[in-house]
Structures are given as structure tokens and as C-alpha cells.
Amino acid sequence: MMIMDNIIFSLSSTSHFSPSPPPFTTSILTCKHHPTTLSLKSSSSSDSPDKPTTSTSRPTTTNSKPLNTPLSHNLEFTKKPLKLLLNSPPSTTTNNKPLNTTPLHNLEVTKNPLKILLNSPHATSPPPPPTTLTNKLWLSNKLSPPPPQPPSLVPNEESESGSDLDNLDVKEMQKSSEFRGKGKIFIGNLPLWVKKKELGEFFRQFGPIKNVILIKGHHETEMNKGFGFVIYGGATAEKAAMKAVEFDGVEFHGRVLTIKLDDGRRMKVKTEERKRWVEGEDDVEHRSKWHEEREGSRNNFRKVLDTQPENWQAVVQAFERIKKPSRKEFGLMVNYYGRRGDMHRARETFEKMRARGIEPTVHVYTNLIHAYAVARDMEEALSCVRRMKDEGIEMSLVTHSILVDGFAKLGNIEAAERWFKEAKERHPTLNAIIYGSIIYANCQTCNMDRAEELVREMEEQGIDAPIDIYHIMMDGYTSTGNEDKCLIVFDRLKECGFTPSVVSYGCLTNLYIKIGKVSKAFEVSEMMKLAGIKHNMKTYSMLINGFINLKDWANAFAVFEDVIRDGLKPDVVLYNNIIRAFCGMGNMDRAVRIVDEMKKERLRPTSRTFMPIIHAFAKAGEIRKALDIFDMMRRSGCIPTVQTFNALILGLVEKRQMEKAVEVLDEMFLAGIRPNERTYTTIMDGYASVGDTGKAFEYFSRIKDEGLELDIYTYEALLKACCKSGRMQSALAVTKEMSVKNIPRNTYVFNILIDGWARRGDVWEAADLMQQMRQEGVQPDIHTYTSFVNACCKAGDMQKATNTILEMKRVGVKPNVKTYTTLIHGWARASLPEKALKCFEEMKQSGLKPDKAVYHCLMTSLLSRATVAEYYVIAGIHRVCEEMVESGLTVDMGTAVYWSRCLRKIERTGGDITEALQKTFPPDWNSHRNLNAALNDTGSNEGLDNGDYDDGPFYETDIDSDDDT
């Protein structure tokens, strides 16, 4: 009985501590647990008086290895064991037979502070103070001293009940003791705005701080919830925490703080929640209401991303409904903005993630870099790369691929090659994606040799080329106009087991459109139909664009009708091509109505929509309407760009209205838009057309002074000005400057120079330029040969001109109308009308249709020799007159006056030739009333009697247009 009383005293004395703060043991504060095992288990008992029972306690000790577990883990209470133990009498019998009870001295306790007490059956005094639980809780004694010992040790019902509850508190204390942190204090009633820095500075006075934890709000991440924790570090962590707790109630920024030792409650709740989450209850995975709502919002966000990526508002709303997004959701949102090219919102989302304390990984950084790459801001992308390196985050292969692709789209082949080289050095194996990016970069710069080398390298490494690589190579060969290799790649694509897609056929269509073989493009279209592949908007736009380049308006509109018939909805690009077609026809009013139709279809016009209309009105001389369209573009929400002003200036330049073009240039400066190289080059080209070399050099100097880039087009305009004015030495100086700047001469430059020497009749210089073209690998085109034929004709070397025509046919260059016009003019100058007639017939046999310039040259030649030539000349005049009448051609008044003077020499009183030829004169022609007045007004034509046709206004205008092609 004495032993049991001692046990009761020892255990119940622990229940008289203050409930707040809860007691702490020295072993808990030092994170050291006594390897104590205490098991108090009661046997089954009954309330029947016939079968009284005695609770038995049978502690067990594991001898194989010491039990180094907390006390709270080893205390096991079943059916209130402490109460049963206290209520059990020391000795009870039933029917005068002793119960089969286990003696108390057999109760095994190993390494327990109560061992001496339990093993002393005749103890007459309480246990010594060092072994009591009260004395072990030294920190609790300092914080809340225990009440005095009760005067009586005799238990009654109330004390038994109180002891039961007190021991349950001990149980809870012991269970939660393992969750208490070393040197960790709780701080409450904090100002909501306070930051970690201010809190750390205040509590630093008690000891070194290991960490400061502020609990932030779910919705206001910039504010805290009013409480937090401070964790002290070092050997004096416990002592520092005790000192801090003594300042409970101190004032801090107008708030009275609550400071106490951490009771482990927060960690305990988290641990139990995590346990239920992992293990579940009744084999059912645990989900709290908050987690269920969060998981539902996260799933809904991913669903919206997959099903409605074009609806950015729905995506943003789904993201904002997530109460506490994780790193994965932030990464998905950054990636979404990256695909849209919205680098500002992508960066904003990235910074919000960091503000929540979520550190970015390589995947999140890669998504942000992708956003900058799509937006073509590679400087910011490189700044993200530098930040990654500063934070010790290694770049992945995907990151390198994005950088290579970004620089490839900007045309910066050097940077793309540099990052590709770094990827090869850092990653043991590459994939087809990064190879596709670097191949694309070389194809964009027309470096097909390097692209072929990369394809070979990729295949040698065992990387199978996807179909996209084939498309990239086909597009590269399209840019260089290499039809043969493009077809080889297309055939190889099919041999490798790939099925040609609409992109494959689109590459072929684009090839034939660019090289001018629209009929071949139509054959590709038929191949698509046979393969069961339908056209998309891009392929239709290519066909329409091809017909527009050929000025075949009817077929262009027919393709547009096919688009409508196939049920496709025209997009902005297709409408822009149709507007170009109407402007090319000169029907600008219909083009304006197309813009109105676009608005009805809720398609927003772009600056490219209005540019052809502005250019067409300006070219037609209707400057007022061009400016009205300019204002209409502004009202439609399109901000005028330098390209828009360039279109207006180009139309004025083509109309030779240079003063108004310069006025538009001044308006650009007033609008805050800086002219570019194209602007000044267009004005230079206009002054070159009118032969004002001084103005052309003036704007050339302005390009240099403003630091703009001097490209091949600028030098072409300057050369044209020099050659038009006959300043060939200045032209040679310009070519030398081009050589110094490593700007190669192309076909157009050689054409300008050859035409300049042709104007002077210097066939030797022209022939030398032809030889230089062959040496530099520049292929002559139809304009080159036409200019050289003109040089030969002006020099009177018709044999060389004829040989040049034969050479053209031999190399596959078909003479056009202008070539034959130049040759007919040469035969006319040589006073050989029969040769001119033969050349005229040859032109018609080749399928070419004569124009006004041909008829003008041929008829002038025949009329000049009609008085001295044989019958075939008269027959030729009749035949040409009939063709002109059938074609409905009417000459201008100056030509009519000159021809009438020639007719007076052939038929002084009129005749069949005069009657036939006058059918081609203007309608208001009156040979008897207006002839004298016309002759007086055109006295300058007296010099034409000798057969010199070089000053004929019609012919010279037509030949000059050859320079603009």
C-alpha cells in the first residue's frame, strides 16, 4: 500500500503545473530522450462483485538493443490504466482464494527514473528530489513554480478524478514534446507590416538567430498573419530562448507582444496532417477541405490551358482562382505567357513567384527565357542566363535550344553558332530540336553548305531527322532558288517513310512562286488534291501572291473564290493580298471597301493593309486621297510606322513629285518617326530618275551622318544617279567604295553600269563588265543582256547584238519584248528596215505580243526608208498598220505629227498608206486644220528627217523603265 501511495504521489504531482505555458523537461529541450520503457497495462476487469480483478502491469524490456525512444512513445494507456491501478486494493480475495496477480516487485523497469521507487516495496518516504518529474522540469519550474505538496496522501474520488485528468495532460505533454523545437520561441500580436529584418534585429539581443519565420497571408503575400517564430542557434540556443521569453509583454512598434516557448503544436498538427495525407484513414486518402479546393482549382487551371489556350482571360482567371499556386503552376503560367510572346506578364508572374518565397528552378528560368526569345528580346534573355549562373543553376539542353532558336530568328548567326558550340561542350548528347534550330539559322542566311554539314553531323551521331528538318532545308533551298536540291529533299522525305504534309507541298509552292513558275505551283496544287491534302490559308495566299506578281488579276480572284468555296474564313494576310490585287488593277475604291469588309468580319486591319492603297493613290497623283487613307489608318487604331511613310514617299517618287516627297519626309520628323535607310534610298532613287546627281549625293551623306547602315540598295540608287547623268567616273568611284566595305556587286549593279556605258555607246566597257560578271560568278539576266544589246546597237555593232541574242537563247534566257524593241531600234538606226521587219516577225513567232514601243520603232523605220526602198517596205507598212488597228492602238499627237510629215514625202496628195496610217492617229486629229499648228509647235522635230530616233520621247521612256526592274 505504501508503494502504491508513493506511485500515486509521484505521478499526480506532475499535474499541478500551470497549463500555459506547458511544462518542458530538460531532456526535451536538449533533444535528448532517456531510453525509458514504462508499460502500465490493465487486464480485463469486470464490475461484478463475484469476480473481482486486479489490474496487472507487465513491463517488457528489449535486451537485444537499448530502447532509445522518447518517453511519450513508450507510455501506453489502455482503458484508463492509471485509474484502475489506483482503485485496485493491495490484496483482494474471492471465495477466500487469493487472486492470481503479478507481484509488484516483478514489474521490470529499465533505465527509468522511477526504478528505485518501484523496486522499493517498503519505502516510507517520498522519492528523493533528483528523481522526481517535477525537479526534472527545470525550465517549467522557472516559468511556473509548482503548487505546494498536498497535505494528505489518501486518495479520494475527487483526487482520483483529478489525478486522472492531470495524468492525461502529462500524456499530451509527453506526446507533443517530440515536436518542440530547440531554441524556438513563438511571437504573437505582431504588426502585420513587419518584416523579417526588423523582427530579427529586435530579438538578436538575446543570442544568435538561426532563422526567422513569419507566417504570411494567403491572399496578401506582402503582409503577415500577426505571428511568427524565432529560432536561435548555437550552443546557447536554449538559454537565448529563455531570455527572450522573460520579455513577454514587451512593446514592439505599438503592439504588446506575446512571447513564449514553442509548444510544438504547429509541428504536431502538420505531422499528423502529413501522416493522414500519406497513410490515409481506413485506406482512403485524406484530403482536407482546403487541399481539395486547391487541387480542384489546379486541375481546372490545367484543363483550361489544354482546352482554351487562345482565351487568355479564361487562363488568367483559372490561375487566379488557385489559392496558393505552387512552383509548377507558376511555371505553367510563365510558359503560357512565353508562347504568346508576352514577356512583361511572364516576368511579372516570375517575380510574384519569388515574392512568395518560391525559388525558381531551371524549368521556370527556361520558360522565362523562352518568353523573351519569342518576343525577340534576346538581351533580356541573356540577362536571365547570367542570373541563372549567379544562382548556380545549370542550363539545360532545352535552354540552349531556345537561345539558338531565338538568335536564329533574329538572323544573328554568330550568336546562334556560339551557343550551339557551348551546348555541344556541356551536354554529351544533343537532340534533333537544337540541330533544327541551328540548321534553320543557317538556312535563313542562305548558308546551305553549313546547313548540309550540320545535317550530316546529326545523322552521324545517330539522330534521326524529323520531318521538320526536311521542311527547313526545303525552305532554305527556296530562298536560294535551288529548285533541283529542293526537289531532292522532297523525294528523300518520301523515301524515309514520311507522308508529305501541307507544309511539304507549301514549300514547293513557295519555291515555284518565288522563281516565277506559277504553272508549276498549280501542278503542286493538283498533287495535293490527289494526295487528299487540302489547302490552308498559307498555300492559298502563296498562289494569290504569285498571280499578283504576274499581274494576273483574274486568276488571283479565282483562287480567292476557291477559299470561300472550301469554307475557309479569310484572314488578314489573305485580305491584304486581295487589296494588293485591286490596287494593282487601279481599283483603289474597291480596295477601300475590302477594308470595310474586314472590319465587319472583326478583323483588325494592319499597317500592311493600308500601305498598298496609300502607295497606289500617291502613284496615281491623288495625294489628297492618299492622305485621307493615311488618316483612316490612324482612326482604325493603326499607328503610322516608318514603312507607312515609305509607301507614301515611294508613290510620290514614282510619280516624279520629289517636292511633295520631301514634304512627307518633314512630316515624319514632326510625327517623331525617324527615317530609315529605305526612306532615304527611295528619295535618292527619285532624284536619280530625274538625273539630279547632287541631291542624290546629299541624301547619301545624310545616311552616313545619321549613322544608318549603307546597304546594297543605297549604292544602287547612287549608281543609278551617276549613270543617268553620264557621270561614269563617279560611278566607278562608288563601286570602289563598295569594294572597300565588302559589299559585293549583284546583277542589278552590273545592269546599271552596263546601261550607263550603253548610253554612251561604249560597247567595250560594257563587254568588259560582262566578262567581270562571269568572273565573279554573277549570272546575267534578261535586263543585263538587253542593256548590252542596247550598247551594241548604239555603237552600230549589229553583228555583236545578233550574237548576243543567240547567246541568250543558248543559256536559256528568253528575249522579251524590250529586248526585241532594242534590236529593232538598232536595225532602224542602221537603216536596215528589212532586218527590223524580220526581227518583228521573229518576235511574234516566239509568242510575244508587240506593244506601242515596238510599233513606234518599226513604223518610224519603215516610213524613213519608204521613199527609197523596194515594194516589201510598202507592204510592211500596210501590214503593221492593219495590226495596230486590230489591236486598237492609238499613237500620241507628237508621233502622229511626225508620221504625217513622213507621209507627205511618200504620198504628197495622200493615198492608201496615208489613209491606213491615219486610223492610228488620235481621235481629234485633223490633217487639214491642225497640221500647220502642230508643225509650228513641234519645230524641234526637224532633226528627225535624217532618221535619228534617239530623241523620240516614247521610245526613251520605255527603255528607261527597264532600269527600274
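Residues numbered from 1 in each chain as written. Predicted model: local features only at pLDDT ≥ 70, side-chain atom pairs only at ≥ 80, totals over all residues. Heavy atoms only, no water.

Taking an unreviewed UniProt entry as the reference, the protein is identified by name as RRM domain-containing protein belonging to Anisodus tanguticus. The annotation that UniProt attaches to the protein under Sequence similarities (unreviewed entry) is "Belongs to the PPR family. P subfamily." (UniProt positions renumbered as here; feature names shortened; annotations may be inferred.)

## Some thoughts on the overall build of the protein
Each helix and strand counted, the protein has 49 helices and 8 strands in total. Within the span of the protein, comprising 965 residues, buried residues form 46% of the whole. Considering only contacts in the protein between residues 6 or more positions apart, those separated by 24 or more positions represent 65%. Accessible surface for the protein amounts to roughly 50600 Å². Of this, 51% is attributable to carbon and sulfur atoms. (Helix = DSSP H or I, 4+ residues; strand = E, 2+ residues; numbered from the N terminus. Buried < 20%, exposed > 50% of the residue type's maximum accessible area, 1.4 Å probe, protein only. Contact = heavy atoms within 4.5 Å. Areas by Shrake-Rupley, 256 points an atom, 1.4 Å probe, with all protein chains shown as cover.)

## Structural notes on the packing of aromatic side chains
Scanning the model with the defined rule gives 20 aromatic pairs in all. On the numbers, 5.3 Å between centres and 50° between planes, the contact of Phe522 with Phe547 is tilted. You can see Phe522 sitting in helix α25 (residues 518–530) and its partner Phe547 sitting in helix α26 (residues 537–549), a full 25 residues away along the chain. Phe522 gets classed as partly exposed once you look at its relative accessible area, which sits at 32%. Residue Phe547 is classed as buried on the basis of its relative accessible area, which comes to 4%. Counting every residue linked through ring pairs, the aromatic cluster contains Phe202, Phe203, Phe206, Phe247 and Phe252. The residue whose ring lies beneath Lys184 is Phe229, and the NZ or CZ to ring-centre distance is 4.6 Å. It is Lys835 that lies over the ring of Trp827; its NZ or CZ is 5.8 Å from the centre. (Phe/Tyr/Trp six-rings, centres within 6.5 Å; stacked < 30°, edge-to-face > 60°. Lys NZ or Arg CZ within 6 Å of the ring centre and 35° of its normal.)

## Some points on the packing of helix α22 (residues 467–480) against helix α23 (residues 483–495)
A packed helix pair is summarised by two numbers, namely the angle formed by the two axes and the spacing between the axes. It is at 8 Å that the axes of α22 and α23 come closest, and there the two elements cross at 165°. Considered as vectors, α22 and α23 are oriented roughly antiparallel to each other. In the packing of α22 onto α23, the handedness of the crossing is left-handed. Between α22 and α23, the contacting residues are Ile467, Tyr470, His471, Met473, Met474, Tyr477 and Thr478 on the first element and Lys485, Cys486, Val489, Phe490, Arg492 and Leu493 on the second. The class makeup of the residues in the contact of α22 with α23 is 9 nonpolar, 2 polar and 2 charged. (Axes fitted to C-alpha atoms, helices over the stretch in contact; angles between N-to-C directions. Parallel < 35°, antiparallel > 145°, perpendicular 65-115°, else oblique. Left-handed = near helix turned anticlockwise from the far one by under 90°. Nonpolar A, V, L, I, M, F, W, Y, C, P; charged D, E, K, R; others polar.)

## Points about the pattern of salt bridges
Overall, the coordinates contain 33 salt bridges when judged by the stated rule. Salt-bridge contacts for Lys844 lead to Glu841; the nearest nitrogen and oxygen are separated by 3.6 Å. Remark: Glu841 and Lys844 occur in helix α43 (residues 833–845); sequence separation between them is 3 residues, near one turn of the helix. On the accessibility criterion, Glu841 (26% relative accessible area) is partly exposed. (Salt bridge = Lys/Arg side-chain N within 4 Å of Asp/Glu carboxyl O.)

## Observations regarding unusual backbone geometry
A positive phi angle is found at Arg376, which is not glycine, with a value near 60°. Tracing the backbone shows Arg376 in the loop between α16 (362–374) and α17 (378–390). A residue is classified by how much of its surface remains accessible, and Arg376, at 44% relative accessible area, is partly exposed. Its identity is not glycine, yet Cys446 carries a phi of approximately 60°, on the positive side. Along the chain, the position of Cys446 falls in the loop between α20 (432–444) and α21 (448–460).

## A short note on the nonpolar core
With 218 residues, the main nonpolar core has Leu403, Ile439, Met473, Ile613, Leu823, Met859 and Trp899 as its most contacted residues. Setting aside residues no more than four positions away along its own chain, Ile613 makes contact with Ile579, Cys583, Ala591, Val592, Val595 and Ile629. Residues Ile187, Val194, Ala244 and Ile259 belong to the second largest nonpolar core, which totals 21 residues. (Core = buried A, V, L, I, M, F, W, Y, C linked by side-chain atoms within 4.5 Å.)

## Concerning a negative patch on the surface
A contiguous patch of negative charge, built from Glu659, Glu663, Asp666 and Glu667, is present on the exposed surface. Relative to the elements of secondary structure, Asp666 occurs in helix α33 (residues 658–670). Given a relative accessible area of 42%, Asp666 falls into the partly exposed group. (Patch = residues over 30% accessible without salt bridge, like charges linked within 9 Å, V, L, I, M, F, W, Y side chains within 5 Å. Lys, Arg positive; Asp, Glu negative; His and termini not counted. Charge placed at Lys NZ, Arg CZ, Asp CG, Glu CD.)

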